[in-house]
Amino acid sequence: MTISYNWLSEYLPEKIEIEKLSGILTGIGLEVESVSSFEEIKGGLEGLVVGEVVSCEKHPDADKLKVTTVNIGEDKMLHIVCGAANVATGQKVVVAPVGITIYPTSGDPIKLKKAKIRGLESEGMICAEDEIGLNNNHDGILVLPAETAVGMKVSAIFKPQQDHIFEIGLTPNRMDAMSHLGVAKDVCAWLSYHNKKETNVLFPYHGNFNAGNQSRQVTVIIENEESCRRYSGVSISGITVSDSPLWLQQKLKAIGLKPINNIVDITNFILHETGQPLHAFDADKIKGNKVIVRNAGEGTVFKTLDDKERKLAATDLVICNAEEIMCLAGVYGGINSGVTKTTTNIFLESAWFDPISIRKTSVKHGLRTDAAARFEKGTDISNTIPVLKRAALLVKDIAGGEISTDITDQYPAPLKKTTVGLKNHYLKKLSGKNYHPDQVKNILQSLGFEVVKEGTDELWVDVPYSKPDISLPADIVEEIMRIDGLDNIEIPASITISPSVEKNQEQFKRKEKLAGYLTGFGFYEIFTNSITDSKFYEEATLSTAVKMINSLSADLDMLRPEMIQGGLQVIAHNINRKNTDLRFFEFGKTYGLSDAGKYVETTHLTLYVSGNTNEQHWKIKPAKTDLYYLKGAVERVVELSGIKKSSFETVQNQQLKNGSVIKSANKILGYLGEVNEKMLKQFDIKFPVFYADLNWDMITAISSTGVEYREISKFPAVTRDLALVVDKNVSYNQIEGIALSCKIQELRSVHLFDVFESDKLGAGMKSMAVSFIFLDERKTLTDKEIDIFMQKIISSYEESVGAEIRK
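Residues numbered from 1 in each chain as written. Predicted model: local features only at pLDDT ≥ 70, side-chain atom pairs only at ≥ 80, totals over all residues. Heavy atoms only, no water.

### Quick word on the overall build of the chain
- Counting its regular elements, the chain contains 20 helices and 42 strands.
- In terms of C-alpha radius of gyration, the chain reaches 38 Å, well past the compact-globule figure of 28 Å for 807 residues.
- Across its three principal directions, the C-alpha atoms of the chain cover 115 × 90 × 65 Å.
- Sorting the 807 residues of the chain into buried and exposed places 46% on the buried side.
- Contacts spanning at least 24 positions in sequence make up 69% of the contacts within the chain whose residues lie at least 6 apart.
- Each charge sign in the chain was given a centre, from 93 positive and 106 negative side chains, and these centres are 4 Å apart. (Helix = DSSP H or I, 4+ residues; strand = E, 2+ residues; numbered from the N terminus. Rg over C-alpha atoms; globule rule 2.2 N^0.38 Å. Buried < 20%, exposed > 50% of the residue type's maximum accessible area, 1.4 Å probe, protein only. Contact = heavy atoms within 4.5 Å. Lys, Arg positive; Asp, Glu negative; His and termini not counted. Charge placed at Lys NZ, Arg CZ, Asp CG, Glu CD.)

### Considering the pattern of salt bridges
- On inspection of all chains with the given rule, the structure shows 38 salt bridges.
- Here aspartate 186 makes a salt bridge to arginine 174, at a shortest N to O gap of 2.6 Å. Of this pair, aspartate 186 sits in helix 4 (residues 180–195) while arginine 174 is found in the loop between strand 13 (162–169) and helix 4, placing the two residues 12 residues apart along the sequence. Per residue, the accessibility class of aspartate 186 equals that of arginine 174, and both read buried.
- The partner of glutamate 677 in a salt bridge is lysine 657, and the shortest N-O contact between them spans 2.9 Å. Of the two residues, glutamate 677 is situated in helix 17 (residues 677–682) and lysine 657 in strand 36 (residues 656–664); the sequence distance between them amounts to 20 residues. (Salt bridge = Lys/Arg side-chain N within 4 Å of Asp/Glu carboxyl O.)

### Re the packing of helix 10 (residues 424–431) against helix 12 (residues 473–484)
- Where helix 10 contacts helix 12, the two axes come as close as 10 Å, and the packing angle between them is 65°. Taken as a pair, helix 10 and helix 12 cross one another with a handedness that is right-handed. Touching Tyr426, Leu427, Leu430 and Ser431 of helix 10 are Pro473, Ala474, Val477, Ile480 and Met481, all from helix 12.
- A per-class count over the contact of helix 10 with helix 12 returns eight nonpolar, one polar and no charged. (Axes fitted to C-alpha atoms, helices over the stretch in contact; angles between N-to-C directions. Left-handed = near helix turned anticlockwise from the far one by under 90°. Nonpolar A, V, L, I, M, F, W, Y, C, P; charged D, E, K, R; others polar.)

### Section: the pairing of strand 16 (residues 278–282)
- Within strand 16, five of the five residues are buried, which leaves the element mostly enclosed by the surrounding structure.
- In strand 16, alternate side chains face the same way, and those of Leu278, Ala280 and Asp282 on one face and His279 and Phe281 on the other are all buried.
- One ladder, built from five bridges, connects strand 16 with strand 23 (residues 345–353); its direction is antiparallel. Of the residues in strand 23, the one forming a bridge with leucine 278 is serine 350. (Pairing = 2+ DSSP bridges.)

### Considering the sheet that holds strand 31 (residues 546–547)
- Pairing in this open sheet of three strands is antiparallel, and the strands run 30-32-31 from one edge to the other. With one partner strand each, in any of the chains shown, strand 30 (531–532) and strand 31 form the two edges of the open sheet.
- Pairing between strand 30 and strand 32 (residues 558–559): two bridges, direction antiparallel. Directly across from isoleucine 531, in strand 32, lies its bridge partner leucine 559.

### Structural notes on helix 13 (residues 505–520)
- Along its 16 residues, helix 13 runs 23 Å from first to last C-alpha, staying within 8% of the 22 Å computed at 1.5 Å per residue.
- For helix 13, the complete set of buried residues consists of Arg510, Leu514, Ala515 and Leu518. One side of helix 13 holds all its buried residues, which, seen down the axis, span an arc of 135°. Across from the buried face of helix 13, at angles greater than 90 degrees, the exposed residues are Glu512 and Gly520.
- Close packing links the buried residues of helix 13 with strand 33 (582–593), strand 34 (599–610), helix 16 (627–640) and helix 18 (696–702).
- At the exit of helix 13 stands glycine 522, carrying a positive phi of roughly 100°. (Expected span 1.5 Å × (residues − 1). Arc of directions from axis to C-beta.)

### What about the sheet that holds strand 1 (residues 2–4)?
- Sheet architecture is open: three strands sit in the order 1-13-2, paired in antiparallel fashion. Every other strand in the sheet has two partners, leaving strand 1 and strand 2 (31–39) as the edge strands with one partner each. Here the average twist between neighbouring strands, direction ignored, is 25°.
- The pairing of strand 1 with strand 13 spans three bridges and is classified as antiparallel. By the bridge assignment for strand 13, serine 4 is matched with isoleucine 165.
- Contacting strand 2 and strand 13, helix 2 (residues 18–27) runs over the sheet at an angle of about 150° to strand 2.

### A look at unusual backbone geometry
- Even without a glycine there, the phi angle at asparagine 658 is positive, about 50°.
- Assignment of secondary structure puts asparagine 658 in strand 36.
- For asparagine 658, a relative accessible area of 57% translates into the label exposed.
- Not every positive phi belongs to a glycine, and aspartate 684 is a case in point at roughly 55°.
- You can see aspartate 684 is positioned in the loop between helix 17 and strand 38 (689–695).
- With relative accessibility at 51%, the residue aspartate 684 sits in the exposed group.

### Structural notes on the pairing of strand 34
- Pairing of strand 33 with strand 34, which is carried by 12 bridges, proceeds in the antiparallel orientation. Residue pairing in the sheet places glycine 592 in a bridge with valine 600 of strand 34.
- From the end of strand 33 to the start of strand 34, which pair antiparallel, there are five residues, and glycine 597 there has a positive phi angle of about 85°.
- The pairing of strand 34 with strand 38 spans seven bridges and is antiparallel. Each residue of the ladder has a partner; that of valine 609, found in strand 38, is phenylalanine 690.

### Quick look at the nonpolar core
- In this structure, Leu25, Ile263, Leu348, Val395, Ile476 and Ile480 are the most contacted members of the largest nonpolar core, which totals 72 residues.
- The residues contacting isoleucine 480, other than those within four sequence positions of it, are Leu422, Leu427, Tyr435, Val440, Ile443 and Leu444.
- Core analysis: the next-biggest nonpolar cluster, separate from the first, contains 31 residues, Val218, Val220, Cys228 and Tyr231 among them. (Core = buried A, V, L, I, M, F, W, Y, C linked by side-chain atoms within 4.5 Å.)

### Digging into the packing of aromatic side chains
- Throughout the structure, instances matching the rule amount to 13 aromatic pairs.
- On the basis of an interplanar angle of 65° and a centroid distance of 6.3 Å, the ring pair of tyrosine 5 and phenylalanine 166 is categorised as edge-to-face. Of this pair, tyrosine 5 sits in helix 1 (residues 5–9) while phenylalanine 166 sits in strand 13, and the two are 161 residues apart along the sequence. Both residues of the pair, tyrosine 5 and phenylalanine 166, count as buried.
- Ring geometry for phenylalanine 521 and phenylalanine 523: centres 5.9 Å apart, planes at 20°, overall stacked.
- An aromatic cluster of three or more residues is present, and its members are Tyr517, Phe521, Phe523 and Tyr629.
- Positioned above the aromatic ring of phenylalanine 648, the side-chain terminus of lysine 631 is 4.9 Å from the ring centre.
- The ring of tyrosine 517 has arginine 636 sitting right over it, with the charged end atom 6.0 Å from the ring centre. (Phe/Tyr/Trp six-rings, centres within 6.5 Å; stacked < 30°, edge-to-face > 60°. Lys NZ or Arg CZ within 6 Å of the ring centre and 35° of its normal.)

### Side note on empty space enclosed by the protein
- Within the structure shown, the criterion is met by two cavities of 30 Å³ or more.
- If you add up the space inside the largest cavity, you get close to 60 Å³.
- In the lining of the largest cavity, the residues fall into five nonpolar, two polar and two charged.
- Taken together, Ser431, Lys433, Tyr435, Met481, Asp484, Gly485, Asn488, Ile489 and Glu490 make up the lining of the second largest cavity.
- Here the residues of the lining of the second largest cavity sort into three nonpolar, three polar and three charged. (1 Å grid on protein atoms, 1.4 Å probe; cavity = no way out; pocket = protein on both sides within 12 Å on 5 of 7 lines; lining within 4 Å. Points joined across faces, edges and corners; volume = space filled by probe spheres on them.)

Have a look at this one:
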């Protein structure tokens, strides 16, 4: 949440230094994530002065340039070459002398230096509005009123606002602090407690509301009293819609809002001042002079302010006139009922809407407005009328007009305050600190709680309507500890704990071991969101996906059924930032529905590689990653997981080219291959990406956790190489499998070390060079024994795949 330092300070009885205020806010649970400077005009017009053009003559060597003499109130006149068509003698202008920096509306800052323009020296610049950041106007230089004093600072004329902006990490339960006044209340409570002196908020409204007449009566009818417990309104006639005054525009700009017109700006100002959303209707468009709060008809089509037609559901709460819908209650206005430049009469709405109802409508239609954000967390039901009076007076003051009705207030079932009791021993148990009863009472009263009963060991209080989340004694303890300062929580001398026994400890150890290996191998671990966007998936995948009922946004509406999309988003993010040599791994879960209709979770280990395997080096040339690089990493991962034997078989895969399935003991461990062009195009990736997806649950189910030790053989191993000419379609898996099927006990390993293709070998043929390692742990193998083994292997190759031995 964004809070303006200047704006907040208006409600505090004393101005607090920024650093101290930041510490106070964090200490009371309103964590300040950042403090940044704000300048309404970049550079604050610093160094710019008012000058008078004493003379203006045509440049001798340029038709469109003029040579001026400018008085800026110093002993020496400035000679400035100017290209503006409207510069003339006697004008008061904005001058940027040599040495200062100007900040144009668009483009980089410019530091002014002496310069020769067509042979004549120029000692500064006569500025246009866009050249000093005032606006985008470049029709000519800015001419100031004739009475403006020469030498005056330009910043004193335009008074650009300078402010500091707090970004507060607000927790979801702190709806009471979603406004400047809400924050000010907390700060004053802190000051009262720590300074031991009552400190009150300087409220801007002083109760001078009066209706001038009763000419614009509007009848309010609430049909759904559960979703709208209170609805207040007031009519104002004879207004003029125009730009807001400077002070109002500056406040909105400071918190990142764009001023629109005086009426809309007032409703936005009130929202951020008090936390209460308001809505302004054009009163002349309220047909039948009736405002009806009800649910929409299922399938009703309604056009909102953004000129989009939306199909409404029966759960959507709407505000109607006697004939038609005017707006989505608490969420968004309608295109035909809002305030325009020609509006002269308005009806201001201030209401309490059910948070759940507003949340559903806001999410369903993808309308995440500031008003919806307040209503869905809960607003102060007691504050609708004071806020409405404050807004009406501002409208009258800024837009003119007359308040034309008393406040209309429909409150069918007044809400009772929540009463909570707190025992002293419970406070000590939870906070770890002894608080004096008077301290507790003072803190709670400064926060708006009303003491209804006091006992020797307990205190009963009524919770203010502005804090609808508070219902338990623990909530009261939190309020006390906040104002005391969360950084003042006492740390006990000793802590008593009960040791817990971890479940699945071996699985965590294995994950940690593999993560360490992959990191050492040059991979980086990534964590992607398990909530994803349904647009990434085919209809067949969506049919078994787990969709979210109340999604956070339209782009995050389901639990991921696959891992690859999240990883590709990370790869695209890095490639777009010129980081193209990528090696990532991730442990994560996918979610779906089984054939029996039950929800299932599956844990995966995924690997992604793209770009080069090594950086540019004077001694080593960069090598491109490929499928075999990834396969080597996968083989090592499977081996380190405790699976001794695994195999790779070619398989068709919709997402992968040259896809392979990884198997062990007839169980599928996962898949790997090169991501196909269709998937890459979806994420705008133009580089090859190689991907492996391992079923971690299956790996842990069939792997061995034991460690086997074997004595190093005293006898040497023997290596023999063989070059086989085979059909191009014969894979290395077949070659390896045939050798192992010979069941030669002394054969310890088979490795492919070369593949050669040439027309000399014959059409459709290739040569595969294979290395065989033999070892007998009981004795040294003889050449004769090894020849027997090799002949057996050669015969198997000849019979199985028609291999020929290259001499």
